[in-house]
Amino acid sequence: MLRLQDSYLHKGKRKALVKIIREKGIKDERVLDAIYQLPRHFFFDSALVSHAYEDKAFPIGEGQTISQPFTVAFQTELLELKPGDKVLEIGTGSGYQGTILHILGADVYSIEYQKKLYEKTRKFLDRLGVKFNLFQGDGSKGLLKHSPFDKILVTAGAPIVPNDLIRQLKIGGVLVIPVGDRSSQKMLKLTKKSRTQVVKEEFDSFAFVPLLGKDGWK
Ligand code: SAM
């Protein structure tokens, strides 16, 4: 299908996008290379495909969005991924962020709340030949059955840091989560130093769609 063809023009646009993201402060060359490698236009509906290399979030159906490339790069950089890390992504959405984690060698578990979006993305990733573990459900509760995780990444805006996510992190593990109100969230990086000690670092503000579910917005 036409949408899954990658051309020199697309590669050129990705190179320009990587330059923009680099200028905004992303330093991790592996993350920048993954953004360059992965055709973002594959993850777009055909009506919006001409916008795929703008550094912006776009609708993907069900009232949800594919995150801005800078945001994907920022969150991924904060995770400090090592190949083989077992990573839980909360908010599969289009599957773009999960595929970036997969390219970086992570063992990806990704959970999506919206049933229709989960089905659509599962079929799409299958067609793309990208294989990681997809689940449908409330990621604000984590994914107990497959825990503990080295890293947890939340790609929707949360009102609080869910305790279940801290519990499901390994010692030494990292949780990256945007927390705030419905319109603006601070990006947090929480490192679990021991069973009882968590170190919190705070970064810039972002605007995500809301995290729903038990520890999300009602
Ligand atoms: N990571 C996605 C991508 O690469 O396209 C973008 C994610 S979008 C900004 C946020 C996603 O989180 C939406 O698809 C939304 O349905 C999902 N979401 C919201 N609350 C959730 C929850 N409790 N559990 C799992 N997914 C949730």
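Above this text sits the structure in question.
Values in this document were obtained by computation on a predicted structure and should not be read as measured data.

(A) Quick peek at the sheet that holds strand S4 (residues 107–112). Spatial strand order, S5-S4-S3-S6-S7-S8-S9: 7 strands in an open sheet with mixed pairing. At either end of the open sheet lies a strand with only one pairing partner, and these are strand S5 (133–136) and strand S9 (198–206). Across the sheet, the mean angle separating the axes of adjacent strands is 15 degrees when strand polarity is ignored. Two elements, strand S3 (residues 86–90) and strand S6 (residues 149–154), share 4 bridges in a ladder whose sense is parallel. Of the residues in S6, the one forming a bridge with Ile90 is Val154. Against the sheet, helix H3 (residues 69–79) contacts S6, strand S7 (169–180), strand S8 (185–192) and S9, and its axis sits at roughly 150 degrees relative to S7. The strands that helix H4 (residues 96–103) touches are S3, S4 and S6; relative to S3, the one it contacts most, it runs at about 170 degrees.

(B) Quick look at the site of the ligand. Around the ligand, the structure places 28 residues, and the nearest of them are Ser94, Gln97, Glu112, Gly139 and Leu212. In the model, an oxygen atom of the ligand is placed 2.9 Å from a nitrogen or oxygen of the Gln97 main chain. For the ligand, an oxygen atom lies 2.5 Å from a polar atom in the side chain of Glu112. In the complex, 99% of the free accessible area of the ligand, which totals 600 Å², lies under the protein chains. Going through the elements one at a time, strand S2 (64–66), S3, H4 and S4 are the ones with two or more residues in the shell around the ligand. Among the elements that line the shell around the ligand, the one with the most residues is S2, at 3 residues. Tallied by class, the residues present in the shell around the ligand amount to 11 nonpolar, 14 polar and 3 charged.

Definitions and limits used
Residues numbered from 1 in each chain as written. Predicted model: local features only at pLDDT ≥ 70, side-chain atom pairs only at ≥ 80, totals over all residues. Heavy atoms only, no water. Pairing = 2+ DSSP bridges. Helix = DSSP H or I, 4+ residues; strand = E, 2+ residues; numbered from the N terminus. Axes fitted to C-alpha atoms, helices over the stretch in contact; angles between N-to-C directions. Contact = heavy atoms within 4.5 Å. Near = heavy atom within 4 Å. Polar contact = N/O pair within 3.5 Å; in protein donor to acceptor, adjacent residues only side chain to side chain. Areas by Shrake-Rupley, 256 points an atom, 1.4 Å probe, with all protein chains shown as cover. Nonpolar A, V, L, I, M, F, W, Y, C, P; charged D, E, K, R; others polar.

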